[in-house]
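Analysis of the macromolecular model
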Amino acid sequence: MKKIPGSEITPEHIYLNRRQFMTAGALSAGALALAACGGSSLVGGAASGKTTQAQGAAAPTSLESVYGAGALPPELAYAEPYASSTTDEIGDPLNKFDEITNYNNYYEFTTNKEAVAKLAQNFTAYPWQIEVTGLVDKPQTIDLDAIYKKFAQEERIYRLRCVEAWSMVIPWVGFPIAALLKEVSPKSTAQYVRFVSIMRPEEMPGQNAMTLEWPYQEGLRMDEAMNPLAIFATGMYGKPLTNQQGAPFRLVVPWKYGFKSIKGIVKIELTDSIPPSTWNTAAPNEYGFYANVNPQVDHPRWSQASERRIGEIGRRETLMFNGYEEEVASLYTGMDLARSY
Ligand SMILES: Nc1nc2c(c(=O)[nH]1)N[C@H]1C(S)=C(S)[C@@H](COP(=O)(O)O)O[C@H]1N2
Ligand SMILES: [Mo]
């Protein structure tokens, strides 16, 4: 057995202990000062531009300049990429910061994975607001600053498995979807959660092409969204998300194919009917609503039995539910996984 029991995963390997973050924050204080002076590329995406303005004696940290002073817990304010571990909970090494930020699927910019980073450089990710609406008692539009103040950000090291059969191990920073949903008091009639990405063709050249229907949309069943593994990510390696990763706010659902992990979310709607999802709409015979990682159910055009881990030679076997079977299999009891692809 490669895997450790799920009961051990949560407290010891997935949740980042606040203390560890604080220790690392203290260690990287020197590096942070250097980054502010050099305007270095250590801070990616939207953050790097603002770093230059942050020079001088009373300069805010790069993260404060992005999120507003005090918006982010100080222990998360790293200049250097930081993760609490060098591997995930089954011993797979983390992908490098540069690998994760230079090989991306974000069709709003381009279908060329290696060109997303550059095209996304000038995207305006801050300020940002998210509308939470639909079958809830307390609909609201939440500012990103408020999200940082309200929800403790924690590290989650997850495998990301794209339906195209490549994968990475990524140390996200974020918080459970369940925490945000609780805040808006879902009505008992709410059965699904719909997520909608930003529509901004003037900054997203790919939206001027008809590659997909815009804006990008995704959905989860309510119980899937409430599962503790499902998170909203706001950062990675202890830094804010880069634009190419879907800054400033995206979904990460590690047991499902990557296309479910929608980027640049501006709207969350609770509904009583199954929400449309972009890839399912584009090719319903190839991409289902569930999209659970399953090595036994092939894509019509390729095998899903194995995958190419970015940075490695050769292939790895794909794990059922991407290795999170113990945590999520019970969500699908009685369902035909081959049909509910
Ligand atoms: N809005 C939006 N979200 C998206 C996509 C996209 O094109 N647009 N691509 C998806 C796909 S196919 C994958 S594999 C992951 C990739 O995330 P990464 O680039 O951070 O690795 O984002 C998903 N989220
Ligand atoms: Mo993907």
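On a predicted model such as this, the values are computed, not experimentally measured, just so you know. (Residues numbered from 1 in each chain as written. Chains lettered and ligands numbered in written order. Predicted model: local features only at pLDDT ≥ 70, side-chain atom pairs only at ≥ 80, totals over all residues. Heavy atoms only, no water.)

1. Remarks on the environment of Ile 147
- Its place among the elements puts Ile 147 in helix H8 (residues 144–150).
- Sequence-wise, Ile 147 and Ile 130 are 17 residues apart; in three dimensions their C-alpha atoms are separated by 9.5 Å.
- Among all residues touching Ile 147, those that are not within four sequence positions of it are Ile 130, Ile 142, Gln 153, Phe 175, Leu 180 and Phe 249. (Helix = DSSP H or I, 4+ residues; strand = E, 2+ residues; numbered from the N terminus. Contact = heavy atoms within 4.5 Å.)

2. As for unusual backbone geometry
- Following Trp 214, the chain continues to Pro 215 via a peptide bond in cis, the omega torsion being -5°.
- Counting through the fold element by element, Pro 215 comes out in the loop between strand E5 (192–197) and strand E6 (217–221).
- A cis amide bond, omega 5°, links Ala 247 with the succeeding residue Pro 248.
- For Pro 248, the location among the structural elements is in the loop between strand E8 (239–240) and strand E9 (250–252).
- Positive phi values are uncommon outside glycine, yet Ala 165 reaches one of about 75°.
- Within the fold, Ala 165 resides in the loop between strand E3 (154–161) and strand E4 (166–176).

3. Some thoughts on the sheet that holds strand E2 (residues 140–143)
- With mixed pairing, five strands are arranged side by side in an open sheet as E2-E1-E10-E5-E6. Looking at strand neighbours, the two that pair on one side only are E2 and E6, the edges of this open sheet. Going from strand to strand, the sheet's axes swing by 20° on average, the running direction of each strand aside.
- By the bridge criterion, four bridges tie strand E1 (residues 129–134) to strand E10 (residues 265–271) in an arrangement that is parallel. Pairing of Glu 131 across the sheet is with Lys 267, part of E10.
- Together, E1, E2, E5, E6 and E10 form the strand contacts of helix H9 (residues 177–184), whose direction differs from that of E2 by roughly 135°. (Pairing = 2+ DSSP bridges. Axes fitted to C-alpha atoms, helices over the stretch in contact; angles between N-to-C directions.)

4. Focus: the site of ligand 1
- The full set close to ligand 1 counts 16 residues, and Tyr 107, Glu 108, Arg 250, Ser 261 and Lys 263 are the nearest of them.
- For ligand 1, an oxygen atom lies 2.7 Å from a polar atom in the side chain of Lys 263.
- Within the complex, the protein chains bury 98% of what would otherwise be the 530 Å² of accessible surface of ligand 1.
- One can see that ligand 1 is located within the largest pocket. (Near = heavy atom within 4 Å. Polar contact = N/O pair within 3.5 Å; in protein donor to acceptor, adjacent residues only side chain to side chain. Areas by Shrake-Rupley, 256 points an atom, 1.4 Å probe, with all protein chains shown as cover. 1 Å grid on protein atoms, 1.4 Å probe; cavity = no way out; pocket = protein on both sides within 12 Å on 5 of 7 lines; lining within 4 Å. Sits in = over half its atoms within 2 Å of the grid points.)

5. Here's the deal with the environment of Asp 298
- Mapping Asp 298 onto the fold places it in the loop between helix H11 (278–282) and strand E11 (306–309).
- Separated by 135 residues in sequence, Asp 298 and Val 163 have C-alpha atoms that sit 9.9 Å apart.
- Sequence-distant contacts of Asp 298, that is, excluding residues within four places in its chain, are made with Ser 303, Gln 304 and Ala 305.
- For Asp 298, the side chain forms a polar contact with the main-chain nitrogen of Gln 304, separated by 3.0 Å.

6. A few points about the packing of aromatic side chains
- Under the criterion given, the structure shown has 18 aromatic pairs.
- Judged by centre distance (5.9 Å) and plane angle (90°), the ring pair of Phe 109 and Phe 123 falls under edge-to-face. With Phe 109 in the loop between helix H6 (97–100) and helix H7 (116–119) and Phe 123 in the loop between H7 and E1, the pair connects residues that are 14 residues apart, well separated along the chain. With respect to class, Phe 109 is no different from Phe 123; both count as buried. (Phe/Tyr/Trp six-rings, centres within 6.5 Å; stacked < 30°, edge-to-face > 60°. Buried < 20%, exposed > 50% of the residue type's maximum accessible area, 1.4 Å probe, protein only.)

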